[in-house]
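# Geometric and topological summary
Each chain, letter by letter, is given below.
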Amino acid sequence: MPAPVIVLLVSAVVVGALKLFTWVLNRYTARKQAELDTWYELVVTEHGMLPEDRQNTERACASPELEALRATATRGDWQACADRLAEAGRDWDRRYRIVEELADVAAEEDDWLRAWRAERPGDPDAALVHAEALVKLAWRLRGAAYAEYTSDEQANGFHRTLTEARAAAHEAQELAPEDPLPWATELWIALGLTYPPAEFDRVWAGLTARDPHLYPAHYAAVQYKSAKWHGSEEEANAFADRAATDAPEASLLAGMRLIALFEHEPDDNESAYWSTPYARSAVDAARRAVDAAPADHPRAAEIRHLLAWCYTMTDRPAEALAQFKLVDGYVDALPWRYTEEPAAVYCRIRAIAARYAAQEQQAS
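A brief report on the enclosed structure follows. These numbers were taken from a predicted model, which means no experiment stands behind them.

About the thresholds
- Residues numbered from 1 in each chain as written.
- Predicted model: local features only at pLDDT ≥ 70, side-chain atom pairs only at ≥ 80, totals over all residues.
- Heavy atoms only, no water.
- Helix = DSSP H or I, 4+ residues; strand = E, 2+ residues; numbered from the N terminus.
- Buried < 20%, exposed > 50% of the residue type's maximum accessible area, 1.4 Å probe, protein only.
- Areas by Shrake-Rupley, 256 points an atom, 1.4 Å probe, with all protein chains shown as cover.
- Arc of directions from axis to C-beta.
- Patch = residues over 30% accessible without salt bridge, like charges linked within 9 Å, V, L, I, M, F, W, Y side chains within 5 Å.
- Salt bridge = Lys/Arg side-chain N within 4 Å of Asp/Glu carboxyl O.
- Lys, Arg positive; Asp, Glu negative; His and termini not counted.
- Charge placed at Lys NZ, Arg CZ, Asp CG, Glu CD.
- Phe/Tyr/Trp six-rings, centres within 6.5 Å; stacked < 30°, edge-to-face > 60°.
- Lys NZ or Arg CZ within 6 Å of the ring centre and 35° of its normal.
- Axes fitted to C-alpha atoms, helices over the stretch in contact; angles between N-to-C directions.
- Parallel < 35°, antiparallel > 145°, perpendicular 65-115°, else oblique.
- Contact = heavy atoms within 4.5 Å.
- Nonpolar A, V, L, I, M, F, W, Y, C, P; charged D, E, K, R; others polar.

### Let's talk about the overall build of the protein
The helix and strand inventory of the protein stands at 17 helices and 0 strands. The buried share of the protein, reckoned over its 364 residues, is 46%. For the protein, the accessible surface area stands at approximately 18300 Å², while carbon and sulfur atoms represent 54% of it.

### Examining helix 5 (residues 111–119)
Considered for burial, the residues of helix 5 that qualify are Trp112, Leu113, Trp116 and Arg117. One face of helix 5 carries all of its buried residues, which in axial projection span an arc of 140°. In helix 5, the exposed positions that point more than 90 degrees away from the buried face belong to Asp111, Arg114, Ala118 and Glu119.

### Overview of a negative patch on the surface
The grouping of Glu52, Asp53, Glu340 and Glu341 at the surface amounts to a negative patch. Position of glutamate 341 relative to the elements: it lies in the loop between helix 16 (317–327) and helix 17 (342–363). Judged by relative accessible area, which is 56%, glutamate 341 ranks as exposed.

### Considering the packing of aromatic side chains
Under the criterion given, the structure shown has 14 aromatic pairs. Considering the side-chain rings of tryptophan 309 and tryptophan 336, the 6.1 Å spacing of their centres and the 80° angle between planes classify their relative orientation as edge-to-face. Taken as a pair, tryptophan 309 in helix 15 (residues 300–313) and tryptophan 336 in the loop between helix 16 and helix 17 lie far apart in primary sequence, 27 residues in all. Overall, tryptophan 309 belongs to the buried group, its relative accessible area being 11%. Their ring planes at 75° and their centres at 5.3 Å tell us that phenylalanine 324 and tyrosine 346 sit as a pair that is edge-to-face. Of this pair, phenylalanine 324 sits in helix 16 while tyrosine 346 is found in helix 17, placing the two residues 22 residues apart along the sequence. There is no split in this pair, since phenylalanine 324 and tyrosine 346 are both buried. A network of ring pairs unites the aromatic residues Phe200, Trp204, Tyr224 and Phe239 as a single cluster. Looking at arginine 257, its charged tip hangs above the ring of tyrosine 278, at a distance of 4.9 Å from the centre.

### A short note on the packing of helix 9 (residues 197–208) against helix 10 (residues 215–225)
At their nearest, the axes of helix 9 and helix 10 sit 12 Å apart, and the two run at 170° to each other. By the criterion of interaxial angle, the relationship of helix 9 to helix 10 is roughly antiparallel. Contacts between helix 9 and helix 10 involve Pro197, Phe200, Trp204 and Leu207 from the first element and Ala217, His218, Ala221, Tyr224 and Lys225 from the second. In terms of residue class, the contact of helix 9 with helix 10 is made up of 7 nonpolar, 1 polar and 1 charged.

### Topic: the pattern of salt bridges
A full pass over the atoms with the stated rule returns 27 salt bridges. Where aspartate 93 meets arginine 299, a salt bridge forms, and the shortest distance between an N and an O atom there is 3.3 Å. Placement of aspartate 93 in helix 4 (residues 92–106) and of arginine 299 in the loop between helix 14 (277–292) and helix 15 is noted, with a sequence separation of 206 residues between them. Comparing aspartate 93 with arginine 299, the two get one shared label, buried.

### A closer look at unusual backbone geometry
Only a minority of non-glycine residues have a phi that is not negative, and only a minority of peptide bonds are not trans. Here leucine 334 and proline 335 are connected by a cis peptide whose omega angle stands at 0°. You will see that threonine 194, though not glycine, has its phi angle at about 55°, which is positive. With a relative accessible area of 47%, threonine 194 lands in the partly exposed category. Here the phi dihedral of alanine 250 falls at roughly 75°; this positive angle occurs in a residue that is not glycine. Looking at the secondary structure, you find alanine 250 in the loop between helix 11 (233–246) and helix 12 (255–263).

### A word on the environment of arginine 140
With respect to the helices and strands, arginine 140 occurs in helix 6 (residues 124–142). Relative accessible area serves as the criterion here: at 39%, arginine 140 is assigned to the partly exposed category. Linking arginine 140 and phenylalanine 158, residues 18 residues apart in sequence, is a C-alpha distance of 8.1 Å. Filtering out sequence-adjacent residues up to four positions away, arginine 140 remains in contact with Asp104, Ala107 and Glu108.

### Some thoughts on helix 10
Each turn of an α-helix holds 3.6 residues, which means side chains three or four residues apart point in the same direction. Among the 11 residues in helix 10, 11 count as buried, and that is most of the element. Listing the buried residues of helix 10 in full gives Tyr215, Pro216, Ala217, His218, Tyr219, Ala220, Ala221, Val222, Gln223, Tyr224 and Lys225. Elements in contact with the buried residues of helix 10: helix 4, helix 8 (181–192), helix 9, helix 11, helix 12 and helix 15.

Quick look at the structure:
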């Protein structure tokens, strides 16, 4: 048989094989997607959870107080905002949630904050909200992409705004010497402006001298110490371990170990990663902490979202589904927050957990 004919026959066989493989793969993918679509519906109908289009992508849990506060700030009533913040007193965690909410509004429209600062130029609360708003604005200017995908214009705006934020945070620290929150705000500035370790430690010492167990401050510190920023996996885990060990009773700082682990999760083989003795210990400790916390604790939901992920990745679907039921409706939390479509990813993993939980129950 002539060589050209052989080449043509071989080419025809290869093309045919590829078409057959593609057809089989598409059929398999379509069948699996159809099965998953069925479970999307069953999660809603049988478990009473919400569909994708009703998932709130702005919060990790319900918060009527913060919703009302946002509405107050949006309509420009800075006096009422100032009153709400003053009422929080020395409940630092609640104060910080209020500051974050007000700052989020101010990062979009700050006329009301400017009016507050003009009327009360020495008000430490106004200075704090101003500093936090600049931090939020800086991160919005930068965008969520990795550094190599961030334009020079974005990077310059980011650093310029964070430099302004640092001056505002220092002003707030001077105006309220006992308040840990301006120091917590500076932790995010330290992250973005690449404070060297000694300078970061100075800020951390200022924070912990005022509140050694502030949850959002520890979250920021874990980010700084992670490999994607200025530390390593070992540093982040060691920091999270110390936070959990030193935490008072009823604290949720045990969740920091879970967060540090997630920040270094590999792109594949998640099951093996979360199945190590260290990771299982971190998951169990976080679960004990959230179960012991009040049902409406605003930070507990952030940990429960991660628990739902971890349980799904380690073939513990019934436990995952239980966590999904407790947080359903709100998806602004790890791991969904790191994705382009948090509600879609959340619902997909939720459907997988529900599917395998049902299979597990049928097999038992």
